[in-house]
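Listed here are the chains, written in short residue letters.
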Amino acid sequence: MVTTVGLALTVVGQINAEEHADLWLSEFPAGNMSSGWTFLGAVLRVGQPSGPPVVLEAPRSVTGTGTDPVPPNNCALLVRKQSTLGGRQGRGRFYVPLTSTNENLVDARGMINTAHVAALQGAWDNLYDGMDPVLLHDSTSPAQNPTPITKFVVDRQIATQRKRMR
């Protein structure tokens, strides 16, 4: 599974894939991740004015050590991307695997325990502080510049991408 976010930068040297992989693991360490999940690292694709993107990789193979059961992998944590731009173009979302949310923290309606949501929100706040995230827009004419994300917001109800289920 892949989680994607745009990052604002002007020079390729400003960004370090190792730092972003380490940042993710500092907020979602192996001890909080179920043993059924493995974090494989960060891959950054930096667009260039001409030519293919520069690809920066920080491979990892960090398997969770948690023993609590997690919800099925078609269930995800929904994290909303907010910006100051109005309308649909001004927001986005992540569908993040529930690697650190054990099954007993989610009720029958798919609502995550409020204390756990608060802890997850704190982790996403720390991730936000460690990067300069932006919303990337579909190719339009004229092209639209990326929009700065002002906040990540963890949704209390789990989500699924039904159209993508087999």
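Coordinates for the structure precede this section.
Residues numbered from 1 in each chain as written. Predicted model: local features only at pLDDT ≥ 70, side-chain atom pairs only at ≥ 80, totals over all residues. Heavy atoms only, no water.

Another point: the overall build of the protein. Within the protein, the secondary structure is distributed over two helices and seven strands. In terms of C-alpha radius of gyration, the protein reaches 17 Å, essentially the compact-globule figure of 15 Å for 166 residues. Taking the principal axes of its C-alpha atoms as reference, the protein extends roughly 50 × 35 × 35 Å. Here the protein holds 166 residues, and the buried ones make up 36% of them. Looking at the protein alone, contacts between residues at least 24 apart form 69% of all its contacts between residues at least 6 apart. Carbon together with sulfur atoms contributes 50% to the accessible area of the protein, which is approximately 10300 Å² in total. (Helix = DSSP H or I, 4+ residues; strand = E, 2+ residues; numbered from the N terminus. Rg over C-alpha atoms; globule rule 2.2 N^0.38 Å. Buried < 20%, exposed > 50% of the residue type's maximum accessible area, 1.4 Å probe, protein only. Contact = heavy atoms within 4.5 Å. Areas by Shrake-Rupley, 256 points an atom, 1.4 Å probe, with all protein chains shown as cover.)

Moving on: the environment of Ala58. Along the chain, the position of Ala58 falls in strand β3 (residues 54-63). Separated by 14 residues in sequence, Ala58 and Leu44 place their C-alpha atoms 8.6 Å apart. In contact with Ala58, not counting residues within four places along its chain, are Ala17, Glu18, Ala21, Leu40, Gly41 and Ala42.

Glancing now at the pattern of salt bridges. Counted under the stated rule, the structure contains five salt bridges. Two residues, Asp155 and Arg80, come together in a salt bridge whose shortest N-O distance is 2.7 Å. With Asp155 in the segment after β7 (147-154) and Arg80 in strand β4 (residues 76-83), the pair connects residues that are 75 residues apart, well separated along the chain. The exposure class assigned to Arg80 is partly exposed, which follows from its relative accessible area of 37%. Asp107 is the partner of Arg109 in a salt bridge, and the nearest nitrogen-oxygen pair spans 3.1 Å. Assessed through its relative accessible area of 32%, Asp107 is described here as partly exposed. (Salt bridge = Lys/Arg side-chain N within 4 Å of Asp/Glu carboxyl O.)

Once that is clear, we can look at the packing of aromatic side chains. Within the structure shown, the criterion is met by eight aromatic pairs. Ring plane angle 85 degrees and centroid distance 5.7 Å describe the contact between Trp24 and Trp124, whose orientation is recorded as edge-to-face. A residue pair is termed long-range when its members are at least 10 positions apart, and Trp24 in helix α1 (residues 17-27) and Trp124 in helix α2 (residues 114-129) qualify at 100 residues. A residue is classified by how much of its surface remains accessible, and Trp124, at 2% relative accessible area, is buried. A centroid spacing of 5.7 Å and a plane angle of 90 degrees characterise the contact between Tyr128 and Phe152, whose relative ring orientation is edge-to-face. Pair noted here: Tyr128 is in helix α2 and Phe152 is in strand β7, with a separation of 24 residues, a long-range link. A residue is classified by how much of its surface remains accessible, and Tyr128, at 23% relative accessible area, is partly exposed. Taken together, the ring pairs connect Trp24, Phe28, Phe39, Phe94, Trp124, Tyr128 and Phe152 into an aromatic cluster. The lysine or arginine in question, Lys81, covers the ring of Phe94, its NZ or CZ lying 4.3 Å from the ring centre. (Phe/Tyr/Trp six-rings, centres within 6.5 Å; stacked < 30°, edge-to-face > 60°. Lys NZ or Arg CZ within 6 Å of the ring centre and 35° of its normal.)

Mapped onto the secondary structure, Thr147 falls in strand β7. When near neighbours in sequence (up to four residues on either side) are disregarded, Thr147 contacts Ser83, Leu85, Val134, Leu135 and His137.

In terms of nonpolar packing, the biggest core is built from 32 residues, with Leu77, Val79, Trp124, Phe152 and Val154 touching the most fellow members. Of all the elements in the fold, those that place two or more residues in this core are α1, β2 (38-46), β4, β5 (91-97), α2 and β7. For this core, the element with the highest residue contribution is α2, accounting for five residues. (Core = buried A, V, L, I, M, F, W, Y, C linked by side-chain atoms within 4.5 Å.)

Bringing the environment of Arg80 into the picture now. Sequence spacing of Arg80 and Arg156 is 76 residues, and the spatial spacing of their C-alpha atoms is 11 Å. If near-sequence neighbours (up to four positions away) are discounted, Arg80 is found in contact with Gly92, Arg93, Lys151, Phe152, Val153 and Asp155. Only 2.7 Å separates the side chain of Arg80 from the side chain of Asp155, close enough to count as a polar contact. (Polar contact = N/O pair within 3.5 Å; in protein donor to acceptor, adjacent residues only side chain to side chain.)

One open sheet accounts for five strands, arranged β1-β6-β7-β4-β5; its pairing is antiparallel. Of all the strands in the sheet, just β1 (6-7) and β5 have a single pairing partner and so form its edges. Along the sheet face, α2 touches β4, β5, β6 (133-135) and β7 and points at about 160 degrees away from the line of β7. (Pairing = 2+ DSSP bridges. Axes fitted to C-alpha atoms, helices over the stretch in contact; angles between N-to-C directions.)

Honestly, that's just the spatial picture; any functional story needs more than this.
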